[in-house]
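# Inside the fold
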Amino acid sequence: MNNKIDHNKIPELQHRNFRNDDFWTEIPAWANVTRGEFADHLWQQKNAIRKLEQVKKVLGERLKEEWYKDIEEALHKAPMNIRITPYIFSLMDWKDPYNCPLRMQFLPFASQFIEDHPCYMADSLGEDTDSPVPMLTHRYPDKALFLPTTICPVYCSYCTRSRIVGGSSESVEKETYGASQKKWDDVFEYLRNTPLVEDIVVSGGDAYMLTPAQIKYIGQNLLTIPHIRRIRIATKGIAVLPQKILTDDKWVGAVEEIHKLARSFGKQVVIHTHFSSPREITKWSQMAMDRLFNLGITVRNQAVLQEGVNNHIDEMVLLTRQLGYMNIQPYYVYLHDMVPGCEHLRTTLKEGVELEKAVRGTTAGFNTPTFVCDLPGGGGKRHVASYEYYDEENGISVWAAPTVKPGEHFVYCDPISKLSKEAQERWSDKETREKMIADAVKKAGY
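### Focus on the overall build of the protein
The secondary structure content of the protein amounts to 16 helices and 12 strands. In terms of principal-axis extent, the alpha carbons of the protein reach across some 65 × 55 × 55 Å. Buried positions account for 55% of the 446 residues belonging to the protein. A sequence separation of at least 24 residues applies to 76% of the contacts in the protein between residues at least 6 apart.

In structure tokens, the structure reads:
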């Protein structure tokens, strides 16, 4: 008698299945790469896709000419350059790349672009406005965002910081920067003199790209400031380069060291990562999390809601359950910010509200993410159903952030392409759309 449960035959247990085949060998250039080689974070970084010519070289005959031209045209327009680890690139569906959730996030096709919304902003979240010193955003009274670098292990097409991250592209000239200890010291000095701040997010860019010495330098300086109680190390790395957690002992050791230092002070160091699709999750992800879990390091997840990537109930529920099963706490799902070059990936506010309703109740409450809108103009994160007014027909929502910025209002707009034909026509006229926004703001009480 066989009592073994076949998870593949029980849909509710699908989240316990982790892909563990040699999937990268389906890519012509990597057909002979051994599992040991693929497991090495240095091999992953060395073979990252950074140019269109590499896409052609790696895929060979699998890359159709129309795909090549589509990508080429996109890279002339996109605000982000490309940088894709072999891990993620080989998980893409190269039989149907147009509909592949991973390809959509990291490798643009011009045929899918939509004209930017008239209300888009390069710095949608107002991070530069709320920056008292370079590399630091201080918006919430007790929390600050520290951006020590603008480099990432991959460059996401939907990046909210495409104005500074990833180097200048053909369409965007950027003031990017690498590690600068002098500027970091200015940040530490500001924080020492700002006793309200207790919580620091170390992001970028991506903390994965900091050296072990830099991780320790930043961690030690922040933890020795008496009023700093919590540090969040933000990295998409676990999702796109789990091999680093498994084979870069010095980097993991540096995180472990500041984690232990924090605990000795009665403080916290945790990691915030960024899985947006179940397609990113494999056995490598689970093994990486096993190592961090065994070290006692808490990991939380922040996803971005994206059209064709995770805006289906089944995909979002599976993602949520898989994260919880790997000991990653689902924390936030963001509505896509109103940044340039991303209109084709944005969803409506209504979709976010409906998805939140559907996900809630499918697993334990502490493993259910909060769906939020990070308000354009720097109002901060607000629950998707907490708007003051929502004109669903014209896709205009009005919000307040009474504690963050008292008396101010903030406007978030749905993608015009998802509105009715009549509403799209109204948006095409500048005077009409200005009146629509003004009317919505008035109905919200401002």
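Once the structure has been displayed, the description carries forward.
### A few points about the sheet that holds strand β12 (residues 409-413)
Taking strand neighbours across the sheet as the criterion, the 3 strands line up as β10-β11-β12 in an open arrangement whose pairing is antiparallel. Of all strands in the sheet, those with a lone pairing partner are β10 (389-391) and β12, marking the two edges. Averaged over all adjacent pairs, the angle separating strand axes in this sheet is 20 degrees, with direction ignored. Pairing between strand β11 (residues 396-400) and β12: 5 bridges, direction antiparallel. Bridging across to β12, A400 finds its partner in H409. Together, β10, β11 and β12 form the strand contacts of helix α16 (residues 430-443), whose direction differs from that of β11 by roughly 40 degrees.

### Re empty space enclosed by the protein
Under the criterion given, the structure shown has 3 cavities of 30 Å³ or more. The calculated volume of the largest cavity comes to roughly 70 Å³. Lining the largest cavity are A78, P79, M80, N81, P108, F113, Y155, C156, S157, G341 and H344.

### Side note on unusual backbone geometry
Going from G204 to G205, the amide bond is cis rather than trans, its omega being 20 degrees. Tracing the backbone through its elements, the reader meets G205 in the loop between β3 (199-202) and α8 (212-223). Positive phi outside glycine occurs at N327, with the angle close to 70 degrees. By the element assignment, N327 lies in the loop between α13 (313-325) and β7 (328-334).

### Details of the packing of α13 against helix α14 (residues 349-359)
Close contact between α13 and α14 brings their axes to 10 Å; oriented N to C, the two are set at 55 degrees. Put simply, α13 runs oblique to α14. Judged by the twist between their axes, the crossing of α13 over α14 is right-handed. Packed against α13, whose contacting residues are I313, M316, V317 and T320, the element α14 presents L355, A358 and V359 at the interface. For the contact of α13 with α14, the class distribution of residues is 6 nonpolar, 1 polar and no charged.

### Brief notes about the packing of aromatic side chains
Going through the model one piece at a time under the given rule, you end up with 22 aromatic pairs. Seen from their ring centres, F188 and Y217 are 6.1 Å apart, and the 55 degrees between their planes marks the pair as tilted. Taken together, the positions of F188 in helix α7 (residues 181-192) and Y217 in helix α8 put the pair 29 residues apart, joining distant regions of the chain. By relative accessible area, which is 0% here, F188 ends up buried. One aromatic cluster is present, built from ring pairs that chain together F23, W24, W30, F38, W43, W67, Y87, F89, W94 and W284. We note K56 situated over the ring of Y68; from NZ or CZ to the ring centre the distance is 4.6 Å. The side chain of R103 reaches across the aromatic face of F109, ending 4.1 Å from its centre.

### Describing the side chain of K244
Positionally, K244 belongs in helix α10 (residues 243-247). For K244, a relative accessible area of 5% corresponds to the buried category. One polar contact links K244 to D248, side chain to side chain, over a distance of 2.7 Å. In contact with K244, other than residues within four places in its own chain, are H41, Q45, Y208, W251 and V252.

Calculation rules
Residues numbered from 1 in each chain as written. Predicted model: local features only at pLDDT ≥ 70, side-chain atom pairs only at ≥ 80, totals over all residues. Heavy atoms only, no water. Helix = DSSP H or I, 4+ residues; strand = E, 2+ residues; numbered from the N terminus. Buried < 20%, exposed > 50% of the residue type's maximum accessible area, 1.4 Å probe, protein only. Contact = heavy atoms within 4.5 Å. Pairing = 2+ DSSP bridges. Axes fitted to C-alpha atoms, helices over the stretch in contact; angles between N-to-C directions. 1 Å grid on protein atoms, 1.4 Å probe; cavity = no way out; pocket = protein on both sides within 12 Å on 5 of 7 lines; lining within 4 Å. Points joined across faces, edges and corners; volume = space filled by probe spheres on them. Parallel < 35°, antiparallel > 145°, perpendicular 65-115°, else oblique. Left-handed = near helix turned anticlockwise from the far one by under 90°. Nonpolar A, V, L, I, M, F, W, Y, C, P; charged D, E, K, R; others polar. Phe/Tyr/Trp six-rings, centres within 6.5 Å; stacked < 30°, edge-to-face > 60°. Lys NZ or Arg CZ within 6 Å of the ring centre and 35° of its normal. Polar contact = N/O pair within 3.5 Å; in protein donor to acceptor, adjacent residues only side chain to side chain.

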